[in-house]
Amino acid sequence: MVLGDHALVLTRDRWTCKLTGLRTAYKCRTYPDSEQAAQLGRTFGCVRLVWNKTLDARHRRYHTEGRSTSYTETDAALSQWKRTEDLGFLSEVSSVPLQQTLRHQHTAFSNFFAGRAKYPRFKSRTGKQSAHYTRSAFRIRDAQLFLAKQTTPLRFVWSWPEVDPTTINPTMVVVSREPDGRWYVTFAVDTDEPEPQPPTGEAIGVDLGVKDFAVLSTGETIANPKHLDRKARNLARYQRRMARKQRGSNNRRKAKRKVARAHRKVRHARQDFLHRTTTNLVRRADTIAIEDLHVDGMTSSARGTTEQPGRNVKQKAGLNRRILDAALGEFRRQLEYKTTRVGTTLVVVDRWYPSSKTCSACGHLLSNLKLSVRHWTCPDCRTRHDRDHNAAKNILAAGQAVAGQHPGQACGADVSRAGSSRTQSAMKQELSGASPTGIPALQDGE
Ligand SMILES: [Zn+2]
């Protein structure tokens, strides 16, 4: 094992796991030998086949019989397939990644039905490939990784000098291959208790801006990252070039690699920007309030009726903006797990709350505010507002109301409290409203 100069392309990520608390993931480059690569390739193929075949069966059953499919049923079908002559080869790879892909699909459908995600898609041979190994399917000895069905250790490059790889005890190992041909292995490790952060006494409202990435209730702006813009333009150029090449040609394959590389650079730049932004926010404030960020691709009618018919118009602001919009879910996810980790509060304000057209000084509500209007004066109290700064202040006020600091002003918001990764839907609680303390009760099952 070497401590390589690959550190720049590596990410260390953490996420919250609903069942086991917090997780840390170490993602490393890995270099399988040809035999291992072939074996992993077969595993990816089987994972993809199981995913696609299951998705297809689900889809068809829903349309012919009008009913959904449970995880148990998909699992039973998998066992069935393994016994057939045509699909007997499924038994030749580790059964764990196949089982895991069924679980992922089950979760993907739960998210879809809850409105948190798009309809699950078929996996393509040319996309990113991955296989998830749980504890029974891998073994780590002296920092050597052995996967099920493999006899030799998988070589990987460890890039965290402060962490001794012989001491980590992963609950899951994910092997993946990017479309550009790079291989990665991710070690997911459950970590202990959150590390509480001393109170700072500050609360911040965040309005995701049009011109800037975000405007804070303090009046500060977080600019869109410039380097991302350049990388996004590169990506677009490579995509145009690829589109001009003939399908199936060698040149097209080469162009495709370039697209994949440019894609990876955009992804890393975006991820890096989001991590720096969210870490900075979480360090500064005891309470952070953000708007609810809906998943792109939800019904356009829902969009049309929001106060900010917004996103559509915002998207026109450029490629950069589109890429960041696609990352807004990730922005929220990072804030959720980072606030959970240090024991601070994240409040998610209902997207129907008219944060832009309410006067943050007197509460006057405008009947209409065009997106092009950047500044306005309240007809009631004559306060002059910067549109986004005013919105951020309102988001903060709504957030604080729900967080219990100013009971009685709740405007419909979700609250995610320290030690809990659960957030409650504001729409669902509309009837019950806020509880007497102004803090909506947290519910299980979210
Ligand atoms: Zn006013």
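The rules behind each value
- Starting from 1, residues in each chain are numbered consecutively following that chain's sequence as written.
- Only residues with pLDDT of at least 70 are given local features in this predicted model, and only at 80 or more are side-chain atom pairs given and counted; all residues enter the totals for whole chains, interfaces and linings.
- The basis for the side-chain values is all heavy atoms of the structure; hydrogens and waters are excluded.
- Each metal's donors comprise the N, O and S atoms found within 2.8 Å of it (within 3.2 Å for Na, K or Ca). Water is not part of the atom list, so some coordination spheres may appear incomplete.
- Every angle between 85 and 135 degrees makes a four-donor site tetrahedral, while opposite donors more than 155 degrees apart, with all other angles between 65 and 115, make a four-donor site square planar and a six-donor site octahedral; other sites are irregular.
- Each helix is a run of DSSP H or I of at least 4 residues and each strand a run of E of at least 2, with the numbering of both proceeding from the N terminus.
- Exposure classes here rest on a 1.4 Å probe applied to the protein chains alone. A residue is buried below 20% of its type maximum, exposed above 50%, and partly exposed in between.
- Here, any two strands with at least 2 DSSP bridges between them count as paired.

Asks: So what about the coordination of the zinc ion? Which residues, and what values?
Replies: Surrounding the zinc ion are the protein donor atoms Cys 359 (SG), Cys 362 (SG), Cys 378 (SG) and Cys 381 (SG), which sit 2.2 to 2.3 Å from the metal. Classification of the site at the zinc ion as tetrahedral follows from its four donor atoms and the range of 106 to 111° in their angles at the metal. Donor residues for the zinc ion, ordered by position in the chain, follow C-x2-C-x15-C-x2-C. Placement of the pair is Cys 362 in the loop between strand E12 (345–349) and strand E13 (375–377) and Cys 381 in the loop between E13 and strand E14 (384–386), with a sequence separation of 19 residues. Classification of Cys 362 as partly exposed rests on a relative accessible area of 38%. Residue class for Cys 381 comes out partly exposed when judged on its relative accessible area of 31%.

Asks: Go over the pairing of strand E6 (residues 172–177), please, and point to the residues and values.
Replies: For E6, the buried fraction is high: five of the six residues fall into the buried class. Pairing between strand E3 (residues 129–134) and E6: six bridges, direction antiparallel. Its bridge partner lying in E6, Thr 134 is registered against Met 172. Examined bridge by bridge, E6 and strand E7 (residues 183–190) share six bridges and lie antiparallel to one another. Looking across to E7, one finds that Arg 177 is bridged to Trp 183. Turn length for the E6-E7 hairpin, with the two strands adjacent in sequence and antiparallel, is five residues, and the turn residue Gly 181 shows positive phi of about 95°.

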